[in-house]
Amino acid sequence: PIPIKGSSKSEIELVDGWFHDKDREIVVRLNSKLNRATFESLEEWFLVDRFEDILAHELAHAMDKIPSKETIYNPHDGSLEDYYNSPHEVKAYLVNIVEQVVRWLEVDGFWESDKGTRYLLNQGLANSSTWGQTEKYLNARSRRHILKAVYRAIEDFIEANSIES
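Remember, predicted model here, so these are calculated numbers, not experimental data.

Novice: Help me understand the packing of aromatic side chains in this model?
Specialist: In this description, a pair of aromatic rings is defined by centroid distance and the angle of the planes. Tallied over the entire structure, the rule returns 4 aromatic pairs. Aromatic side chains Tyr-83 and Tyr-84 sit 4.8 Å apart centroid to centroid with 70° between the ring planes, which places their arrangement in the edge-to-face category. By relative accessible area, Tyr-83 is classed as buried at 7%. In this structure Tyr-84 comes out as buried when scored by relative accessible area, which is 6%.

Novice: Quick question: what am I supposed to make of the nonpolar core here?
Specialist: The tendency in soluble globular proteins is for nonpolar side chains to be buried as a group. Formed by 23 residues in total, the largest nonpolar core has its most connected members in Ile-97, Val-101, Leu-105, Leu-125, Ile-146, Val-150 and Ile-154. If you list the elements that add at least two residues to this core, you get α3 (80-85), α4 (87-107), α5 (117-126) and α7 (140-160). By residue number, the principal contributor to this core is α4, which donates 8 residues. Setting aside residues up to four positions removed in sequence, Ile-97 forms contacts with Leu-125, Ser-128, Thr-130, Trp-131, Thr-134, Ile-146 and Val-150. Core analysis: the second largest hydrophobic core is formed by 7 residues, Phe-39, Leu-42, Leu-47 and Ile-54 among them.

Novice: Explanation requested: the environment of His-20 in the structure shown.
Specialist: Note that His-20 resides in strand β1 (residues 15-20). Ignoring any residue separated from it by four or fewer positions in sequence, one finds His-20 in contact with Glu-25 and Val-27.

Each value, and the rule that gives it
Residues numbered from 1 in each chain as written. Predicted model: local features only at pLDDT ≥ 70, side-chain atom pairs only at ≥ 80, totals over all residues. Heavy atoms only, no water. Phe/Tyr/Trp six-rings, centres within 6.5 Å; stacked < 30°, edge-to-face > 60°. Buried < 20%, exposed > 50% of the residue type's maximum accessible area, 1.4 Å probe, protein only. Core = buried A, V, L, I, M, F, W, Y, C linked by side-chain atoms within 4.5 Å. Helix = DSSP H or I, 4+ residues; strand = E, 2+ residues; numbered from the N terminus. Contact = heavy atoms within 4.5 Å.

Below, the structure written as structure tokens:
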């Protein structure tokens with residue numbers, strides 16, 4: 001399960017998911033142990049974003065076509081640092097972070113684009129719940145890899161929207 005960060009509902013596991021390598025199956029699950037009032041108190045976009053994030057993350061695993069003999073690191077088997085820095089997780093979380101930053105750019109960041117790419121990078125990451133969840137566990141190499149990808153995505157966004165940085 002992936003705890004949700006960056007929200008007033010941040011400590012509640014609303015949605016989780018996983019990829020079954022053997023069956024080539026992605027499972028995205030809504031926490032059925034929570035009461036109806038909890039779900040009714042949430043904005044619809046919040047749940048949709050969480051489902052999209054989990055699905056994109058697990059899809060990254062599926063697209064890697066991980067061989068059955070190679071196991072996906074289970075965060076319950078060891079340290080969170082090992083989990084978040086395993087190559088498959090770095091790639092999958094990178095997908096989530098880039099999607100969240102671009103989503104922020106499309107809605108809010110676009111209007112601040114005159115402040116430059118570095119500013120947009122910092123603000124975009126501040127608006128990424130996945131970055132907030134993973135950043136403290138990342139080693140220098142994983143961190144650099146993710147930051148470069150986000151920076152490139154911001155530059156691509158600026159170029160595609162003819163914004164000067």
